[in-house]
Amino acid sequence: MRTYDGNGEGMGMEICAGNGSKIDVEAVKAVVKEAGKLFRDREAAGHTKTKGVADYVTEVDFAVQQFIYGKLQELYPEVQFMGEEKSNEEIDRAGLVWVLDPVDGTTNLIHDYRNSAVSLAFMDGGRIVMGIVYNPYADEMFWAAQGQGCYLNGRRVRVSSAEKMGESLISIGTSPYYKAMAEENFPVFQAIFMDCQDIRRTGSAALDLANAACGRIEGYFERGLKLWDFAAGMLLVREAGGLVLDYRGADAGTGNVSDIVAGNGRIPRILVEEYLGRV
Ligand code: 2AM
Ligand code: CA
C-alpha cells in the first residue's frame, strides 16, 4: 500500500491499494458516521434474533450493514465486502476487502448500555491497511492507516507508557458465546485482578482496542474473536505504538477466529508470560 500526501490525517487523504484503487478516507468516514445515527433507533434495537449462545443480532445490525454496504458498493464497486451479518464464502482474501462489524457490542446495544461501535477495516492482500472504529454515543472517530499513525477525532493518539501491572487498567474478555471456557478463564481473571489496578468488562472488542490505542487502558484480551471484531482495532493499536499478540505471544494474524492479547508496548507481554500463556 502507498499513501498520498503522507501527512497523517489531512484533507484529501487517499489510500492507494495494490491494484490502483484509491480510497477517499474522508468519504468513508462520513459513511460510517452517518450509519452511526441508526444506533439511536431503540425500536429496531429491540427486534433481536439469536445466532448462538449469547450471540445476538438486531435490526440495527442489519440496517447499519445494509447502509454501509450500499454506499461503499457505489463508491468502490471493485472492493469485496465481508460483513458479520452476511455469508462470506465467496471472499478472495488475496484481493481488496472491506471487513465490517456493523455493531460491535450488540448485547450492549440491546440493553441501551451505550458502549458499541461500528468497526470497518480495509484489507489489501490479507493485510489490514486502514481501520475505522466509530463510537456514535461519544461521537468518537478512531482512524488509522498503515504507516500513518492512529487518530481520534483528528488528534494523533498513542498507547500508554505504563510498564507495571499495578499501574494498569485491564479489560477482560469473557467470551460469553463459549461459556464452557469459563472454568479456565475465570481463575485467570482473578489472578490478573489481584495484580493490576483494576479490571473492566466492556462488551465491545473494537472499543477495547480503540481505548488501548489512545492510552485509556493498558491491556485487553479475549479468546475466540472473529476477524470483524478486531480487524480495525488491531491496526489502531499497532499504529498507536502498541502490541496485538496471540496467547502464545506471537503477533496476531488475520485469521477468521483468533485469541487476542492487545495493549500498550509492555503489558500484553506480561499478560502472555505470566497469566495467559498457560490457558
Ligand atoms: P458483537 O457485539 O459484534 O457480537 C464481546 O465479548 C465481544 O465478542 C464483542 O466484540 C462481540 O461482538 C464479540 N462476539 C460476540 N459473539 C461472538 C461470537 N460468536 N464469536 C466471536 N466474537 C463474538
Ligand atoms: Ca456485531
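Residues numbered from 1 in each chain as written. Chains lettered and ligands numbered in written order. Predicted model: local features only at pLDDT ≥ 70, side-chain atom pairs only at ≥ 80, totals over all residues. Heavy atoms only, no water.

### Thoughts on the layout of surface pockets
And then number 1: The volume enclosed by the largest pocket comes to roughly 610 Å³.
And then number 2: Taken together, 27 residues make up the lining of the largest pocket; nearest its centre are A54, T107, P176, Y177 and G203.
And then number 3: Sorting the residues of the lining of the largest pocket by element identifies β5 (55-58), β7 (96-104), α4 (106-110), β15 (219-226) and α7 (227-239) as the ones contributing at least two each.
And then number 4: With four residues, the top contributor of residues to the lining of the largest pocket is β15. (1 Å grid on protein atoms, 1.4 Å probe; cavity = no way out; pocket = protein on both sides within 12 Å on 5 of 7 lines; lining within 4 Å. Points joined across faces, edges and corners; volume = space filled by probe spheres on them. Helix = DSSP H or I, 4+ residues; strand = E, 2+ residues; numbered from the N terminus.)

### Details of the nonpolar core
And then number 1: Counting 41 residues, the largest nonpolar core has V99, V133 and L236 as the members making the most contacts within it.
And then number 2: Among the elements that make up this core, the one with the highest residue count is α7 (nine residues).
And then number 3: There are two domains that each give this core at least three residues, and those are domain 1 (14-157) and domain 2 (165-276).
And then number 4: Apart from the residues within four sequence positions on either side, L236 is in contact with G131, V133, F142, W143, A144, C150, A210 and A213.
And then number 5: Membership of the second largest hydrophobic core comes to 35 residues, among which are I15, I23, V64 and M130. (Core = buried A, V, L, I, M, F, W, Y, C linked by side-chain atoms within 4.5 Å. Buried < 20%, exposed > 50% of the residue type's maximum accessible area, 1.4 Å probe, protein only. Domains from an automatic or database assignment. Contact = heavy atoms within 4.5 Å.)

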